[in-house]
Amino acid sequence: MKTSWKRSVSYSLKKLITSVVFFFLWRALRSLYTMDSRIREEMDSWPQNFTLHMQAGLGGPHLTIGMTPSGPVRLFGWETAQVHIRFKTLDSAFKLVTGQLGVEQAYAEHRFSLSGDIAPTMSFVRCVDIAEAYLFPAFITRRILRAIPPKERSSLAVYRCVLFGF
């Protein structure tokens, strides 16, 4: 009985943390679109009205990002997305979003599937790598990224913008 309860709490906690990280990843990408020229350049290269949907396990937390002429927007309908990234399990997504696993390792271990055009997806991954360099402490970033991208702004300025929208 106890292990079932612990498993349920563990699953709920991982689901909550993954949802929160997806939310802050979205806020970071939106903020960095205006603060970091590399993110702006990458996102501006996406096709007009491009939509990417990322989901953590079956029925788990998800994030849908769309690109409009005025910049990135968060969308709530994912059915029309051109790219779908689906993590096979919530555990895989949780490890990735908490910095226990890098994108390259997750790909090599077949922890997610991708359907859609790979070119804008790789651009999205580069944006996430840059965002991770701002958001994660250096000891985590060194472990999950092959090369740490230089920062154009201080992490404190990015955190302030992500948390408070300045």
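Relevant structure appears above.
Notes on the structure follow. Just so you know, the residues in each chain are numbered from 1, in the order the chain's sequence is written. With the structure being a predicted model, the display of local features is reserved for residues of pLDDT at least 70 and the display and counting of side-chain atom pairs for 80 or more, all residues being used for whole-chain, interface and lining totals. Derived side-chain values reflect all non-hydrogen atoms in the structure, with water molecules and hydrogen atoms excluded from consideration.

## With respect to the pairing of strand E3 (residues 71-75)
DSSP calls a pair of strands paired once it identifies at least 2 bridges connecting them. Only runs of H or I of at least four residues qualify as helices and only runs of E of at least two qualify as strands under DSSP, and these elements are numbered from the N terminus. With 5 bridges joining them, strand E2 (residues 62-68) and E3 adopt antiparallel strand pairing. Bridging across to E3, Thr-68 finds its partner in Gly-71.

## Points about the pattern of salt bridges
For this analysis, a salt bridge means a side-chain nitrogen from Lys or Arg found within 4 Å of a carboxyl oxygen belonging to Asp or Glu. Taken as a whole and judged by the stated rule, the model has 7 salt bridges. One salt bridge in this structure joins Arg-40 and Asp-44, with 3.9 Å as the shortest N-O distance. With Arg-40 and Asp-44 both in helix H2 (residues 37-44) and 4 residues apart, this pair spans about one turn of that helix. Among the salt bridges present, the one from Glu-42 reaches Arg-126, with a minimum N-O distance of 2.8 Å. With a gap of 84 residues between them, Glu-42 in helix H2 and Arg-126 in helix H5 (residues 118-135) connect regions that are remote in the sequence. Categorising residues by exposure relies on relative accessible area from a 1.4 Å probe, with only protein chains included: less than 20% of the type maximum marks a residue as buried, more than 50% marks it as exposed, and the intermediate range marks it as partly exposed. Here Glu-42 falls in the buried class, since its relative accessible area comes to 18%. Residue Arg-126 is classed as partly exposed on the basis of its relative accessible area, which comes to 39%.

## As for the packing of H2 against H5
Following both chains from N to C, one finds H2 and H5 inclined at 160°, their axes separated by 9 Å at the closest point. The angle between H2 and H5 places the two elements in the roughly antiparallel class. Between H2 and H5 lies a crossing whose hand is left-handed. Here Arg-38, Ile-39, Glu-42 and Met-43 of H2 come into contact with H5, specifically with Ser-123, Arg-126, Cys-127, Ile-130 and Tyr-134. In the contact of H2 with H5, the residues fall into 5 nonpolar, 1 polar and 3 charged. Fitted lines through C-alpha atoms give the axes, limited to the stretch in contact for helices. The angle between two N-to-C directions lies from 0 to 180 degrees. Should an angle fall under 35 degrees it is called roughly parallel, over 145 degrees roughly antiparallel, and 65 to 115 degrees roughly perpendicular, with every other angle called oblique. Throughout, a crossing is termed right-handed when the near helix is turned clockwise from the far one, and left-handed when it is turned anticlockwise from it by less than a right angle. Contacts are assigned to residue pairs with any non-hydrogen atoms lying within 4.5 Å of each other. For this scheme, ten residues count as nonpolar: Ala, Val, Leu, Ile, Met, Phe, Trp, Tyr, Cys and Pro. Four count as charged, namely Asp, Glu, Lys and Arg, and the remainder, Gly too, count as polar.

## Some points on the sheet that holds strand E5 (residues 112-115)
Here we have 5 strands laid out as an open sheet, ordered E3-E2-E1-E4-E5, and mixed in their pairing. Strand pairing shows two members of the sheet lacking a second neighbour, E3 and E5, which therefore form its edges. The sheet shows a mean angle of 15° between the axes of neighbouring strands, taken without regard to direction. Relative to E5, strand E4 (residues 83-87) runs antiparallel, the two sharing 4 bridges. Pairing of Arg-86 across the sheet is with Ser-113, part of E5.

Read these as layout, nothing more, since geometry by itself doesn't imply function.
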